[in-house]
Amino acid sequence: MIVVTGATGNVGGELVRLLTAAGEQVTAVSRNAGTPLAGVRHHRGDLGEPAGLKDAFTGARALFLLVAGQEPRAVLDAAAAGGVRRVVLLSSQGAGTRPHAYAHAADFEHAVRESGLAWTILRPGGFASNALAWAGTVRAHRTVAAPFGDVALPAVDPADLAEVAAVTLREDGHEGRTYELTGPRATSPRERAAAIGAALETEVRFTEQSPEEARAGMLMFMPEPVVEATLAILGNPVEAERRVSPDVERVLGRAPRTFGDWAARNIAAFR
């Protein structure tokens, strides 16, 4: 059995579907019940409360772990006690490029490496699905507003993350590896807005926000340190954050999906 935490999220939900389709027994863990899938055991739990996860781990051999809660060691100890021998951590590229700003993710990585379990760490950069934040203005006005309109970063499709996670959970040969996961090319917010327009077959106008305008909006749903780190990456990325990684292709044997691929599959959100 494989335990998937964050099972109702963009990555976790797709991962549950992939594992189930491959014939795996899955326990889907989330704070909310979500939409049940046939053959999937659901466990309502919170990574912030490791004691409540004991039953979810019983009889499991592998764990897909999010960076959530404050006690990664307690979660990993509970998983090992339940039988888990392999853990795949969905971390963040920032844990490597900006470990002080992304100390939470870096702490989880350290805990995983010291857990005694076979481990693999996945470090994605920005998600293509972050563009869903634009859906409301695209639907209403066919506009996108974002800061740093011409700074390009290689956003990764969450479906590719899920496929990489499925492989590393099920197959040997990935133990002790840290994979940087990106899309196939760097694209700017202006280019991503144009890709959404192309999928809609209409123009989507791009308006560049000031950093202050973007900060004010982000502070409505993100902690201030995360906002500042995110703006730093978006506006002044280091070379490693701009770089296209070969790791998706290395694991899956194919090129990663483009942002245009993601937009076409998710265009209903923008209509």
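Above: the structure in question.
Residues numbered from 1 in each chain as written. Predicted model: local features only at pLDDT ≥ 70, side-chain atom pairs only at ≥ 80, totals over all residues. Heavy atoms only, no water.

1. Topic: helix 8 (residues 189-200)
And then number 1: Compared with the 16 Å implied by 1.5 Å per residue over 12 residues, the 17 Å span of helix 8 between its first and last C-alpha is a close match.
And then number 2: Buried residues of helix 8: P189, R192, A193, I196, G197 and L200, and no others. The buried residues of helix 8 occupy an angular sector of 145 degrees when projected down its axis, which confines them to one face.
And then number 3: The secondary structure elements touched by the buried residues of helix 8 are helix 6 (135-141), strand 7 (143-147), strand 9 (205-209) and helix 13 (259-265).
And then number 4: Looking one or two residues past helix 8, E201 carries a phi angle of roughly 60 degrees, positive in sign. (Helix = DSSP H or I, 4+ residues; strand = E, 2+ residues; numbered from the N terminus. Expected span 1.5 Å × (residues − 1). Buried < 20%, exposed > 50% of the residue type's maximum accessible area, 1.4 Å probe, protein only. Arc of directions from axis to C-beta. Contact = heavy atoms within 4.5 Å.)

2. Description of the side chain of D160
And then number 1: Inspection of the secondary structure puts D160 in helix 7 (residues 158-170).
And then number 2: On the basis of relative accessible area, D160 is assigned to the buried category, the value being 0%.
And then number 3: Separated by 2.5 Å, the side chains of D160 and R257 make a polar contact. (Polar contact = N/O pair within 3.5 Å; in protein donor to acceptor, adjacent residues only side chain to side chain.)

3. Brief notes about the packing of aromatic side chains
Centre-to-centre distance and the angle between the planes together describe a pair of aromatic rings.
And then number 1: Under the definition given, this model contains two aromatic pairs.
And then number 2: Arranged with centres 5.5 Å apart and planes meeting at 35 degrees, the rings of F259 and W262 form a pair that is tilted. With a gap of three residues between them, F259 and W262 both fall in helix 13, about one helical turn apart. Accessibility classification places F259 together with W262 in one group, the buried group.
And then number 3: Relative to F270, the ring of W262 lies with its centre 6.1 Å away and its plane at 80 degrees, an arrangement referred to as edge-to-face. (Phe/Tyr/Trp six-rings, centres within 6.5 Å; stacked < 30°, edge-to-face > 60°.)

4. A short note on the sheet that holds strand 2 (residues 26-30)
And then number 1: In spatial order, the strands read 3-2-1-4-5-6-8; together these seven strands make up an open sheet with parallel pairing. Strands with a single pairing partner mark the edges of an open sheet, and in this sheet they are strand 3 (40-44) and strand 8 (177-181). Going across the sheet, the axis of each strand differs from the next one's by a mean of 20 degrees, ignoring polarity.
And then number 2: Bridge analysis of strand 1 (residues 2-5) against strand 2 gives four bridges, and the strand direction is parallel. Bridged to V3 within strand 2 is T27.
And then number 3: Its contacts with the sheet put helix 1 (residues 10-21) on strand 1, strand 2, strand 3, strand 4 (62-66) and strand 5 (86-90), and the angle it makes with strand 1 is roughly 160 degrees. (Pairing = 2+ DSSP bridges. Axes fitted to C-alpha atoms, helices over the stretch in contact; angles between N-to-C directions.)

5. Concerning the packing of helix 9 (residues 211-218) against helix 10 (residues 224-235)
And then number 1: One way to put it is that helix 9 packs onto helix 10 with a least axis distance of 10 Å and a crossing angle of 140 degrees. Crossing angle aside, the handedness with which helix 9 passes helix 10 is right-handed. Along its contact with helix 9, which presents P211, A214, R215 and M218, the element helix 10 presents V227, E228, T230 and L231.
And then number 2: Residues that form the contact of helix 9 with helix 10 fall into these classes: five nonpolar, one polar and two charged. (Left-handed = near helix turned anticlockwise from the far one by under 90°. Nonpolar A, V, L, I, M, F, W, Y, C, P; charged D, E, K, R; others polar.)

No statement about biological role is implied by the geometric values presented.
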